[in-house]
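Fold and geometry: a report
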Amino acid sequence: MPRYLGSCHCGKVRFAVDAEIDHVRVCDCSICRRRGALIHRVEEAQFELLSPLDELVTYKFNTRQATDYFCPDCGILPFRRPRTAPHLWAINVRCLDDVDLDAIRIERVSGSRLP
């Protein structure tokens, strides 16, 4: 399985992901539309945080079940815990090094329709 290194814009938040990135999810909910992240979900064992989690800022909205993690310095969201699958990590593929974004299939999801 390929290993990708990722980071926020300033490099304070660093992480690694072991995954076959064959698709990304684009959600139409109010926050995802605005941030423009391309998300790929991975299991806990496929995600390795290389910087301290307690140095990140979190944001919870609406049902307060999802947790979005942001760099406190540059404001980038490199990953999150999704509401519909809180046991997974949802990785912002735009934050990974050496990924050809044009070659990845896009899966559209309707987060705006969740209760």
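One can find the structure itself at the top, above this paragraph.
1. Observations concerning the overall build of the protein chain
Tallying secondary structure elements over the protein chain gives one helix and ten strands in all. Going from the N terminus to the C terminus, the protein chain shows its helices and strands as β-β-β-α-β-β-β-β-β-β-β. Relative to the compact-globule value of 13 Å for 115 residues, the protein chain shows a C-alpha radius of gyration of 13 Å, a close match. Along the three orthogonal principal directions, the C-alpha set of the protein chain runs to about 35 × 30 × 25 Å. Among the 115 residues that make up the protein chain, the fraction classed as buried is 43%. The long-range fraction of contacts in the protein chain, counting pairs at least 24 apart against all pairs at least 6 apart in sequence, stands at 55%. For the protein chain, the centre of its 17 positive side-chain charges and the centre of its 16 negative side-chain charges are spaced 10 Å apart.

2. What to know about the nonpolar core
One finds F79, I91 and L96 to be the most contacted residues of the largest nonpolar core, which totals 22 residues. Those elements that provide at least two residues to this core are β2 (14–18) and β9 (89–92). For L96, the contacting residues outside a window of four places in its chain are Y4, L5, G6, F15, V17, I21 and I91. Judged by nonpolar contacts, the second largest core, of five residues, contains C27, C29, C32 and V109.

3. Quick look at the pattern of salt bridges
Going through the model one piece at a time under the given rule, you end up with seven salt bridges. For R25, the salt bridge goes to E107, with nearest N and O atoms at 3.5 Å. Taken as a pair, R25 in strand β3 (residues 23–27) and E107 in strand β10 (residues 105–109) lie far apart in primary sequence, 82 residues in all. The shortest N-O distance in the salt bridge between D68 and R35 comes to 3.2 Å. Pair noted here: D68 is in strand β7 (residues 67–70) and R35 is in helix α1 (residues 30–35), with a separation of 33 residues, a long-range link. Among the residues examined, D68 registers a relative accessible area of 0% and is labelled buried.

Cut-offs used in this document
Residues numbered from 1 in each chain as written. Predicted model: local features only at pLDDT ≥ 70, side-chain atom pairs only at ≥ 80, totals over all residues. Heavy atoms only, no water. Helix = DSSP H or I, 4+ residues; strand = E, 2+ residues; numbered from the N terminus. Rg over C-alpha atoms; globule rule 2.2 N^0.38 Å. Buried < 20%, exposed > 50% of the residue type's maximum accessible area, 1.4 Å probe, protein only. Contact = heavy atoms within 4.5 Å. Lys, Arg positive; Asp, Glu negative; His and termini not counted. Charge placed at Lys NZ, Arg CZ, Asp CG, Glu CD. Core = buried A, V, L, I, M, F, W, Y, C linked by side-chain atoms within 4.5 Å. Salt bridge = Lys/Arg side-chain N within 4 Å of Asp/Glu carboxyl O.

By themselves, these are just geometric observations and shouldn't be taken as functional.
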